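# Breakdown of the fold
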Amino acid sequence: MMVKICGITNPDDARAAVEAGADALGFNFYPASPRFLPEDLAHRLLSELPPGILKVGVFVNEPADRVSEVARRLGLDIVQLHGEDIQWPEGLRVWRALRVSPGWNASRLDDSRAEAFLLDAAPSGIWGGSGMTFDWELARHPRAKVIIAGGLDENNVREAVRRARPWGVDACSRLECAPGRKDHARMRSFIREARAALSGETPC
């Protein structure tokens, strides 16, 4: 099972997430986001990550060639694509982000171009990091790799996992002490709770 911490903007938060046991870190390349990370800073951050940590680039409504160029320059492992008019880059691992809203149609998870699907509750005009939750049972799927996001923290991740049975979980804004700055104690607690929930264990 996979635990991702998104919206990493600085080396201290990256190190703390890795030390706490995160599998993947998300780096936001959407300029309008309060967690936007310029490429020069991203290059330094990513170069310091240990092997085995998945480096996920977050993009919103970007052309496929732009996504491919950034992924190549920075050595991203995965691109996470948000937006209404997605262009699919070739030769890259893609996690497709989808909003779960009234009238949600689970057939959207049948798209074979995506390795996994990140389900969020962000309202129109907000691409992740809203802190809002959705009905986690809608994330259940017999085949697709589903990552649940949106409003997860150390207090609700166990219930989210129980109801959704996802492939992974992703947290961002509720683990922050300020936009783009993580609360390390809450992040450690979230990862510990997520690990225990995903494995069916009871944390110490």
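A brief structural summary. (Residues numbered from 1 in each chain as written. Predicted model: local features only at pLDDT ≥ 70, side-chain atom pairs only at ≥ 80, totals over all residues. Heavy atoms only, no water.)

## Some points on the overall build of the chain
Applied cut-off: Helix and strand definitions here come from DSSP, where helices need a minimum of 4 consecutive H or I residues and strands a minimum of 2 consecutive E residues; each element is numbered from the N-terminal end. Here a residue-residue contact requires only that any non-hydrogen atoms of the pair lie within 4.5 Å. Charge counting follows a simple rule: Lys and Arg are positive, Asp and Glu are negative, and His as well as the terminal groups are ignored. The atom standing in for a charge is NZ when the residue is Lys, CZ when it is Arg, CG when it is Asp and CD when it is Glu.
Looking only at helices and strands, one finds 5 helices and 10 strands in the chain. In terms of overall dimensions, the chain has a C-alpha envelope of 40 × 40 × 30 Å along the principal axes. The contacts in the chain between residues at least 6 apart in sequence include a share of 51% that link residues at least 24 apart. Computed over 27 positive and 28 negative side-chain charges, the separation of the two mean positions in the chain equals 2 Å.

## Some words on the nonpolar core
Applicable threshold: Only buried residues count toward a nonpolar core. Its members are Ala, Val, Leu, Ile, Met, Phe, Trp, Tyr and Cys residues joined through side-chain atoms within 4.5 Å. Think of it in three bands: residues with accessible area under 20% of the maximum for their type are buried, residues over 50% are exposed, and the middle band is partly exposed, with areas taken using a 1.4 Å probe on protein chains only.
Ranked by size, the top nonpolar core spans 54 residues in total, and within it Ile5, Leu25, Leu119, Ile148 and Phe190 carry the most contacts. Contacts of Ile5, omitting those with residues within four sequence positions, involve Ala17, Ala22, Ala24, Leu25, Gly26, Asp170, Ala171, Leu175, Lys182, Met187, Phe190 and Ile191. Core analysis: the next-biggest nonpolar cluster, separate from the first, contains 11 residues, Ile78, Trp95, Ala116 and Ala149 among them.

## Things to note about the pairing of strand β2 (residues 24-28)
Note the threshold: At least two bridges found by DSSP between two strands are what make those strands a pair. Crossovers are marked right-handed if the path from the first strand over the helix to the second runs clockwise, as seen with the strands pointing away from the viewer.
Summarising burial for β2: 5 of the 5 residues are buried, a large majority. Here β2 shows a buried face lined by Ala24, Gly26 and Asn28 and a second buried face lined by Leu25 and Phe27. Here strand β1 (residues 2-5) pairs with β2 via 2 bridges, running parallel. Its bridge partner lying in β2, Lys4 is registered against Ala24. This β-α-β element, β1 to helix α1 (residues 11-20) to β2, shows right-handed connectivity.

## So, unusual backbone geometry
Residue Asn61 is not a glycine yet carries a positive backbone phi of 50°. Position of Asn61 relative to the elements: it lies in the loop between β3 (54-60) and α3 (64-74). Its relative accessible area of 41% is what places Asn61 among the partly exposed residues. A positive phi is found at Arg165, a non-glycine position, where the angle reads about 50°. For Arg165, the position within the fold is in the loop between α4 (157-164) and β8 (168-171). The class for Arg165 is exposed, based on a relative accessible area of 54%.

## Details of the sheet that holds β2
Note the cut-off: Note on method: axes are straight lines fitted to C-alpha atoms, helices fitted across the in-contact stretch only, with angles between N-to-C directions ranging 0 to 180 degrees.
Read around the barrel, 8 strands follow the order β1-β2-β3-β4-β5-β6-β7-β8 and close on themselves; strand pairing throughout is parallel. Neighbour-to-neighbour, the strand axes of this sheet turn through a mean angle of 25°, independent of strand direction. Note: β2 against β3, 5 bridges, orientation parallel. Each residue of the ladder has a partner; that of Leu25, found in β3, is Lys55.

## Examining the pattern of salt bridges
Put simply, the rule reads: For salt bridges, the criterion is a side-chain nitrogen of Lys or Arg within 4 Å of an Asp or Glu carboxyl oxygen.
Counting across every chain of the model gives 20 salt bridges. For Arg195, the salt bridge goes to Asp23, with nearest N and O atoms at 2.6 Å. You can see Arg195 sitting in helix α5 (residues 184-199) and its partner Asp23 sitting in the loop between α1 and β2, a full 172 residues away along the chain. According to the relative accessible area criterion, Arg195 is partly exposed, its value standing at 29%. Here Arg113 and Asp111 are joined by a salt bridge, their closest N and O atoms 2.8 Å apart.

## Notes on the environment of Glu137
With respect to the helices and strands, the residue Glu137 is situated in the loop between β6 (116-120) and β7 (146-148). Residues Glu137 and Glu84 lie 53 residues apart in sequence; the distance between their C-alpha atoms is 24 Å.

## Remarks on empty space enclosed by the protein
Heads up, the rule is: The rule is simple: put a 1 Å grid over the protein atoms alone, call a set of points where a 1.4 Å probe fits but cannot get out a cavity, call an open set with protein on both sides within 12 Å along at least five of seven lines a pocket, and count a residue as lining if it has an atom within 4 Å of a point. Grid points are joined across faces, edges and corners, and a volume is the space filled by probe spheres set on the points. Residue polarity follows a fixed list, in which Ala, Val, Leu, Ile, Met, Phe, Trp, Tyr, Cys and Pro are nonpolar, Asp, Glu, Lys and Arg are charged, and the others, Gly among them, are polar.
The tally for this structure, following the rule as stated, stands at 1 cavity of 30 Å³ or more. Empty space within the largest cavity amounts to approximately 30 Å³. Phe59, Val60, Asn61, Glu62, Leu81, His82, Ile86 and Gln87 are the residues that line the largest cavity. Among the elements of the structure, β3 and β4 (78-82) are those that each provide at least two residues to the lining of the largest cavity. Here the lining of the largest cavity is composed, by residue class, of 4 nonpolar, 3 polar and 1 charged.

Function cannot be inferred from these measures alone, as they are strictly geometric.
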